[in-house]
Amino acid sequence: MSDCLFCKIAAGEIPSKKLYEDDRLLAFYDIDPKAPTHFLVIPKEHISGAGEITAENSSIVAYAFETIARLAKELGLSSFRVVTNWGEQAGQSVPHLHFHVLAGRDMTWPPG
Ligand code: AMP
Ligand code: ZN
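Report follows, based on the coordinates.

So, how was this worked out
Residues numbered from 1 in each chain as written. Chains lettered and ligands numbered in written order. Predicted model: local features only at pLDDT ≥ 70, side-chain atom pairs only at ≥ 80, totals over all residues. Heavy atoms only, no water. Buried < 20%, exposed > 50% of the residue type's maximum accessible area, 1.4 Å probe, protein only. Helix = DSSP H or I, 4+ residues; strand = E, 2+ residues; numbered from the N terminus. Pairing = 2+ DSSP bridges. Donors = N, O, S within 2.8 Å, 3.2 Å for Na, K, Ca; no water. Tetrahedral: all angles 85-135°; square planar, octahedral: opposite > 155°, others 65-115°. Near = heavy atom within 4 Å. Polar contact = N/O pair within 3.5 Å; in protein donor to acceptor, adjacent residues only side chain to side chain. Areas by Shrake-Rupley, 256 points an atom, 1.4 Å probe, with all protein chains shown as cover. Salt bridge = Lys/Arg side-chain N within 4 Å of Asp/Glu carboxyl O. Phe/Tyr/Trp six-rings, centres within 6.5 Å; stacked < 30°, edge-to-face > 60°. Lys NZ or Arg CZ within 6 Å of the ring centre and 35° of its normal.

Some details on the pairing of strand β3 (residues 37-43)
- A large share of β3 lies buried, amounting to seven of its seven residues.
- Residues Thr 37, Phe 39, Val 41 and Pro 43 line one face of β3 and the alternating positions His 38, Leu 40 and Ile 42 line the opposite face, and both faces are buried.
- Strand direction decides the pairing type here: strand β2 (residues 25-29) and β3, joined by five bridges, are antiparallel. Residue pairing across strands places Ala 27 opposite Val 41, the latter belonging to β3.
- When β3 meets strand β5 (residues 99-103), the two strands line up antiparallel, connected through five bridges. Paired with His 38 across the strands is Leu 102, a residue of β5.

In structure tokens:
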């Protein structure tokens, strides 16, 4: 989608601090980290968020979690939280599916 921030980051049109990239997804550090380690995993395909996952596009979700587990091991993370916000009330600010991976501090439950 031409006016989507994360599509532009996925296409390399806007720079990011990349952690991992392949033909299907990109992992990069959040510009405003909420934990000592905070990166985002996004599909290169534009999906507006968790509320738009279907039987046709859901394989990328499994692949994103497989990649998250591998990156966490590579970074030596013994504990982490994965978050995805869908819609305004949940706090989604970028309408392109992304998984936050947060680690390196104690977390509270339930989330605010
Ligand atoms: P959400 O509010 O759940 O939609 O998450 C969007 C996330 O994208 C926020 O944590 C922002 O800090 C992050 N973000 C926004 N712009 C950029 C950018 N240019 N590079 C990296 N992270 C970004
Ligand atoms: Zn997009």
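Let's talk about the coordination of the zinc ion (ligand 2)
- Bound to the zinc ion (ligand 2) are the protein donor atoms Cys 4 (SG), Cys 7 (SG), His 46 (ND1) and His 96 (ND1), situated 2.0 to 2.3 Å from the metal.
- Seen from the zinc ion (ligand 2), its four donor atoms lie at angles of 106 to 117°, and the figure they make is tetrahedral.
- Each donor residue of the zinc ion (ligand 2) belongs to the same chain, with the gaps between them written as C-x2-C-x38-H-x49-H. Residue Cys 4 is located in the segment before α1 (5-10), and its partner His 46 is located in the loop between β3 and α2 (59-75); the two are separated by 42 residues in the primary sequence.

A few points about the site of ligand 1
- By nearness alone, 17 residues border ligand 1, and Asp 30, Asn 85, Ser 93, His 98 and His 100 come closest of all.
- In the environment of ligand 1, an oxygen atom lies 3.1 Å from a nitrogen or oxygen atom belonging to the backbone of Gly 91.
- A distance of 2.7 Å is found between an oxygen atom of ligand 1 and a side-chain nitrogen or oxygen belonging to Ser 93.
- Taken by itself ligand 1 offers 500 Å² of open surface, and the protein chains cover 85% of this.

Considerations on the pattern of salt bridges
- Tallied over the full model, the rule gives four salt bridges.
- Glu 21 is paired through a salt bridge with Lys 44; the nearest N and O atoms lie 2.7 Å apart. Placement of the pair is Glu 21 in strand β1 (residues 18-21) and Lys 44 in the loop between β3 and α2, with a sequence separation of 23 residues.
- By relative accessible area, Glu 21 is classed as partly exposed at 35%.
- Between Arg 70 and Glu 74 there is a salt bridge, and its shortest N-O distance comes to 2.9 Å. Within this pair, Arg 70 and its partner Glu 74 are both found in helix α2, separated by four residues, close to a single helical turn.
- Overall, the relative accessible area of 31% leaves Arg 70 in the partly exposed class.
- Overlapping salt bridges bring together Lys 18, Glu 21 and Lys 44 as one network.

Points about the packing of aromatic side chains
- For the structure shown, the criterion picks out three aromatic pairs.
- Pairing Phe 6 with Phe 28 gives two aromatic rings, centres 5.5 Å apart and planes at 85°, and the pair type is edge-to-face. Of this pair, Phe 6 sits in helix α1 while Phe 28 sits in strand β2, placing them 22 residues apart in sequence.
- With a relative accessible area of 3%, Phe 28 lands in the buried category.
- The ring of Tyr 29 has Lys 17 lying over it, and the distance from NZ or CZ to the ring centre is 4.9 Å.

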